[in-house]
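# Tertiary structure, described
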Amino acid sequence: MSQLEDELSEQEYGMWFNRMDYVRSDDAHIIVAVPSSFYRDQVKQRYLPVIEEKLFELSGNKLTIDFEIRKFEGTKPTPDPPRKAAPDVDPPDDRLDVTGAAPDSPARPRLRRPHENLKPDYTFESFVVGQNNSFAANAAIAISRNPGTAYNPCLVYGGVGLGKTHLIQAIGNAVHNDIGNTKVVYVTAENFTTEFIQAIREKNTHKFKAKYRYADLLLIDDIHFLQKKSETQEELFHTFNALYDANKQMVFTCDRPVSELRDLTDRLRSRFERGLNVDLQPPSYETRYAILKKKIESFNLSIPEEAVSLICNNVTTNVRDLEAALTKLVAYAELVNKNITVEITRQQLKDVFASPKQTNVTVDLIQRTVADYFNLSTQELKSKKRTRVVAFPRQLAMYITREVTEYSTTEIGLEFGGRDHTTVMHACQRIEARMRTDPTLEPTVQYLVRSIKDQSTQR
Ligand code: ADP
Ligand code: MG
């Protein structure tokens with residue numbers, strides 16, 4: 001640990017490592033004590049690779065760290081380990097049939113070593129279902145029970161932090177754990193692209209193909225990343241066909257409806273649009289509350305009801321922001337060793353709660369965000385071009401400007417290449433009409449508005 005002290009700031013080291021203690025070790029594992037599961041998760045998330053690397057440097061062995069939760073007094077754990085504090089050590093074999101292990105024990109399910117690319121916490125049990133996500137969640141559960149039959153492929157889309165990765169990985173975890181002999185492959189579109197490029201460079205594309213074309217369940221996260229990557233798209237197209245013909249399940253996620261992806265070949269687009277496309281919406285107050293309560297419970301924390309509702313009332317954007325608020329609060333309470341109260345919540349989260357000042361939102365920011373989203377330049381957005389590819393994003397940007405700023409339609413017209421105010425009014429009417437008939441448009445507008453507001457508060 002002292003080796004790490006040199007690399008981290010004093011504050012960072014003090015925050016996470018002072019209340020961590022060595023318990024025991026063997027050839028392959030080191031067990032350390034930490035004061036709570038919150039602590040464990042934070043350390044795992046932030047520092048595990050660094051610690052493991054350091055240990056490797058020091059010992060020359062690849063050691064796994066396991067955590068034990070102990071009560072701490074000051075910086076030392078109290079001597080008695082809690083009941084049944086078994087470290088979460090992987091079983092030695094890939095598949096461990098524990099049913100026959102002890103003759104008297106009740107039958108237990110077969111345990112399989114956790115999937116190497118999936119986060120074990122991303123399960124259906126930990127996913128709170130609300131009106132905003134029930135369609136997607138139910139589809140995901142159905143798929144995990146009968147992969148390759150009903151909804152193939154399935155594409156889940158929605159804005160950042162709404163649970164896409166959680167859901168797609170929950171399908172992976174469920175299939176990996178419950179259905180024997182299945183090869184589950186999870187990859188982000190970004191890694192898929194990198195691996196593909198590397199395979200070409202190293203001339204071993206057959207290995208790459210084998211990995212993806214022999215999957216029983218292929219999960220690709222964030223396919224919007226494939227825009228403009230034409231060779232990778234081509235490869236995925238062939239992978240898709242091979243798996244589809246073999247009735248293998250595929251699930252994709254995307255930050256927007258497929259119809260709004262740009263620079264995607266038509267044939268791949270039509271593949272994504274096959275099967276089922278479902279969206280995730282931002283959670284309502286009730287769902288935010290249920291999610292936060294579940295998190296609090298899983299960390300074994302005690303937070304007054306009033307503080308919980310304060311957070312839910314003020315953090316409305318997405319689940320990631322909700323979790324970040326909780327993490328910040330709990331980190332503070334752990335650090336100063338205080339119970340969380342409403343006052344502390346208000347104090348510690350006041351920056352998080354400060355609602356974005358709408359005056360920070362400029363037309364320029366709106367134009368850049370919308371143009372980026374559609375892969376256009378702001379010049380194109382303001383130009384005289386009237387092709388559909390430009391006209392729709394332009395109308396959308398005008399609509400958003402009218403919704404989130406105080407500009408008049410005349411001023412908006414001027415900002416968009418000197419157009420007349422009637423053009424702006426017409427654009428807004430078009431967007432409103434389209435929202436009534438196209439259910440995918442409203443989430444897109446919400447996503448863009450959120451992203452614009454987020455950027456405007458980061459300044
Ligand atoms: P996305 O991939 O859509 O950006 P993530 O799946 O990464 O979002 O979700 C962000 C965080 O919020 C994750 O920690 C995830 O576990 C959590 N989360 C999202 N939706 C839910 C939900 N319905 N119930 C519980 N946790 C959720
Ligand atoms: Mg994600």
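Above: the structure in question.
In what follows, the accompanying structure is described. Keep in mind that what you see is a predicted model, and the values were worked out from it rather than measured. (Residues numbered from 1 in each chain as written. Chains lettered and ligands numbered in written order. Predicted model: local features only at pLDDT ≥ 70, side-chain atom pairs only at ≥ 80, totals over all residues. Heavy atoms only, no water.)

Turning to the packing of helix H8 (residues 230-245) against helix H9 (residues 266-273), a few remarks are in order. With their axes 10 Å apart at the nearest point, H8 and H9 run at an angle of 45° to one another. Taken together, H8 and H9 sit at an angle that is classed as oblique. As for the relative orientation of H8 and H9, their crossing is left-handed in sense. Facing Gln 233, Glu 234, Leu 236, Phe 237, His 238, Phe 240 and Asn 241 of H8, the residues of H9 in contact are Arg 267, Leu 268, Arg 271 and Phe 272. Partitioned by chemical class, the residues of the contact of H8 with H9 number five nonpolar, three polar and three charged. (Axes fitted to C-alpha atoms, helices over the stretch in contact; angles between N-to-C directions. Helix = DSSP H or I, 4+ residues; strand = E, 2+ residues; numbered from the N terminus. Parallel < 35°, antiparallel > 145°, perpendicular 65-115°, else oblique. Left-handed = near helix turned anticlockwise from the far one by under 90°. Contact = heavy atoms within 4.5 Å. Nonpolar A, V, L, I, M, F, W, Y, C, P; charged D, E, K, R; others polar.)

Attention now moves to the site of ligand 1. Around ligand 1 sit 17 residues, and of these Val 128, Gly 161, Thr 165, His 166 and Glu 323 come closest. In the model, an oxygen atom of ligand 1 is placed 3.1 Å from a nitrogen or oxygen of the Gly 163 main chain. Notes on ligand 1: free accessible area 560 Å², of which the protein chains cover 93%. Looking at the shell around ligand 1, the elements with two or more residues in it are helix H5 (164-178) and helix H12 (319-336). Residues belonging to the shell around ligand 1 are distributed by class as follows: seven nonpolar, seven polar and three charged. Of the residues that make up the shell around ligand 1, three or more belong to each of domain 2 (134-280) and domain 3 (285-354). (Near = heavy atom within 4 Å. Polar contact = N/O pair within 3.5 Å; in protein donor to acceptor, adjacent residues only side chain to side chain. Areas by Shrake-Rupley, 256 points an atom, 1.4 Å probe, with all protein chains shown as cover. Domains from an automatic or database assignment.)

What follows is about the nonpolar core. Counting 30 residues, the largest nonpolar core has Leu 396, Ile 400 and Val 445 as the members making the most contacts within it. Contributions of two or more residues to this core are made by helix H15 (363-373), helix H17 (388-404), helix H19 (421-437) and helix H20 (441-457). Tallying contributions element by element places H17 first for this core, with seven residues. If we skip the residues at most four places from it in the chain, Val 445 touches Leu 396, Tyr 399, Ile 400 and Met 435. Listed in part, the 27 residues of the second largest apolar core include Val 187, Phe 192, Ile 223 and Leu 264. (Core = buried A, V, L, I, M, F, W, Y, C linked by side-chain atoms within 4.5 Å. Buried < 20%, exposed > 50% of the residue type's maximum accessible area, 1.4 Å probe, protein only.)

The subject of this paragraph is the sheet that holds strand E2 (residues 29-34). The strand order across the open sheet built from three strands is E1-E2-E3, with neighbouring strands paired in mixed fashion. Where the open sheet ends on each side, the last strands, each with one partner, are strand E1 (21-25) and strand E3 (64-69). Along the sheet, successive strands turn relative to each other by an average axial angle of 30°, direction set aside. The pairing of E1 with E2 spans four bridges and is antiparallel. Bridged to Asp 21 within E2 is Ala 33. (Pairing = 2+ DSSP bridges.)

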